[in-house]
Amino acid sequence: MTAPAPRRASTLACSVVGAAVVALDGTVLTVAQPALQRDLHAGVGQVQWTSTAYLVTVASLLVFAGRLGDRYGHRRVFAVGALGFAAASAGIALAPGIGTVIALRVLQGVCGALLQPATLGMLRTVFPPERLATPIAVRTAAIGLAAAAGPLVGGALVSSYGWRAVFLLGVPPTLAIGLLALAGPEPRADVPGRRPSTGIAALDPLGAVLLAAALGLLVHGLVDAPRPGGTGTTVLVLAAALAAGTGLVRHERRAPHPLLPPELMRSVPVRAGLAALLAASAALFGTLFVATYFLQDVQGLGPLDCALRVLPLAVLMVLGAPLCPPLQRRFGPRRTSVVGAVLLTLGVLLLSRLDATASAASVGTGAALLGAGFVTLMVTATSVVVHRAPEVHAGVAGGLQQTAMNIGPALGVATATLLLALVPDGGFVPDRGVALPALAAVAALALPAALALPDTAHERANQQGKGTRPGPMPPGTRRRFCVRS
């Protein structure tokens, strides 16, 4: 049943603002870290953990947080996450030392993990499946705008008020949407087929621990891999992640209430959508990492000029997101996402041909292709993952989507860093290195995933052909209803 318009509007507002605040938090922190280090007299490694601690915590808890939303209500879980995120942000702004900042960043990661899957789970519960693409596109446009504005807003705040202002920035919006979510009714209460709570065992705590260990160790290993002298540690960490993942697979096959529902994990569209998101985010963020070093270290541009060169990426993400839903309706997810994968791959390939004298136009063209391709893939694949997941597992689907979007960037940056080191004298110049050609191959991996997505336009045409017109159809088949899972 479709929710009333006011409930849809408040849910969309919570989803969009929540996703945008998390995106903004990640970009403004990068700008604030040097000032934070000086003010708190911290080491580089300690400051790095203000990012790593958050990333590892979020990645390890996203799916379990989605499961909590499926069982107890996405709106409630979202409210807890948003209010906790606001409290942790305010605490960091008042922190007396680097140890307190890192500890609160872990708490902020826990709250961010509660918040993020719910931004998709809430949409799934109040919008009919055929209309999900539009709110997801609005959410994606807000993420792109926040990510683009982050360095500019962060730089202005740090310059005028210091690094603590960066963390205060997220307090009012998260506090407001947390209270808004608490004030509204929980739309999950009357969903048919929702399993009642039967205690902690129904949440599959062992599965949650194994998945958290596997994902947390994986992200930590990827983040730590580029550091000098860290090869041995990285291998051990990644081996431990593999062992935890193997244990998870064995446990889930026997668990009476598996954390990863079999009907969700067997869905080809869901798996294909997650694979496309993983490949696309790895290619995009790895490419941006290389491009940033190229523009600043090779061409000698400042941070602002560097941001302006790649601004077309953010512009295309913001402007392109609203165009994705009509494209999906007209051509279907498969063809739409294939075009996105091609554009993304072409963008990486174009940037890989740049030499030390590359013009702003050539960099901007490559960035525009990256933005157009990535937003098309992100909106389309996310819509498929959330749409094709059974509503009772919408939170887990949202958690898996967010997990792919967290692991992908870590994988892409780690790959880029390792490959840059292979060509010490010319690795930062794209046409003399191997990093961007390799990342173009990663982007191309989104193509087979896109081809596995459903062609709903074709399915719809077939269903219309089986409509109410009399003809060669057998009796009793003039009106047929189907439920997509």
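Before reading on, note that the structure itself is shown above.
These lines cover the structure that appears in this document, whether it is placed above or below. Residues take numbers from 1 onward in each chain, read along the sequence in its written order. It should be noted that, the model being predicted, local features are given only for residues of pLDDT at least 70 and side-chain atom pairs only at 80 or more, the latter also being counted only at that level, while totals for whole chains, interfaces and linings use all residues. The side-chain figures draw on all heavy atoms in the structure; neither hydrogens nor water molecules are used.

**Concerning the overall build of the protein**
To keep things clear, this is the line we draw: Going along the chain from the N terminus, every DSSP run of H or I of four or more residues is numbered as a helix, and every run of E of two or more is numbered as a strand. With a 1.4 Å probe rolled over the protein chains alone, any residue whose accessible area is under 20% of its type maximum counts as buried; one over 50% counts as exposed, and the rest are partly exposed. Every residue pair with non-hydrogen atoms within 4.5 Å of one another is taken to be in contact.
In terms of helices and strands, the protein carries 19 helices and zero strands. Counting the 485 residues in the protein, one finds 54% classified as buried. Taking contacts inside the protein between residues at least 6 apart in sequence as the whole, the part at least 24 apart equals 83%.

**Section: the nonpolar core**
The line we're drawing: Among buried residues, the Ala, Val, Leu, Ile, Met, Phe, Trp, Tyr and Cys ones that are joined through side-chain atoms within 4.5 Å form a nonpolar core.
Judged by nonpolar contacts, the single largest core of 79 residues is most densely connected at Leu-36, Val-101, Trp-163, Leu-344 and Phe-374. The leading source of residues in this core is helix α1 (residues 5-40), at 11 residues. If we ignore the near neighbours within four places in the chain, the residues touching Leu-36 are Val-47, Ile-98, Val-101, Trp-163 and Phe-167. Of all hydrophobic cores here, the second largest spans 24 residues; its members include Leu-210, Leu-211, Val-270 and Ala-389.

**Remarks on the pattern of salt bridges**
Which entries qualify depends on this criterion: In what follows, salt bridge is the name for a side-chain nitrogen of Lys or Arg lying within 4 Å of a carboxyl oxygen of Asp or Glu.
Scanning all chains against the criterion turns up four salt bridges. Of the charged contacts in the structure, one is a salt bridge between Arg-164 and Asp-39, with a shortest N-O distance of 3.6 Å. With a gap of 125 residues between them, Arg-164 in helix α6 (residues 164-168) and Asp-39 in helix α1 connect regions that are remote in the sequence. With relative accessibility at 40%, the residue Asp-39 sits in the partly exposed group.

**Looking at the packing of aromatic side chains**
Defined as follows: Two rings belonging to Phe, Tyr or Trp (six-membered ring only in the last case) form a pair when the distance between their centres is within 6.5 Å. Interplanar angles under 30 degrees mark stacking, angles over 60 mark edge-to-face geometry, and anything in between is tilted.
Enumeration over the complete set of coordinates arrives at two aromatic pairs. Considering the side-chain rings of Trp-163 and Phe-167, the 6.0 Å spacing of their centres and the 85 degrees angle between planes classify their relative orientation as edge-to-face. Judged by relative accessible area, Phe-167 falls into the buried class, the value being 2%.

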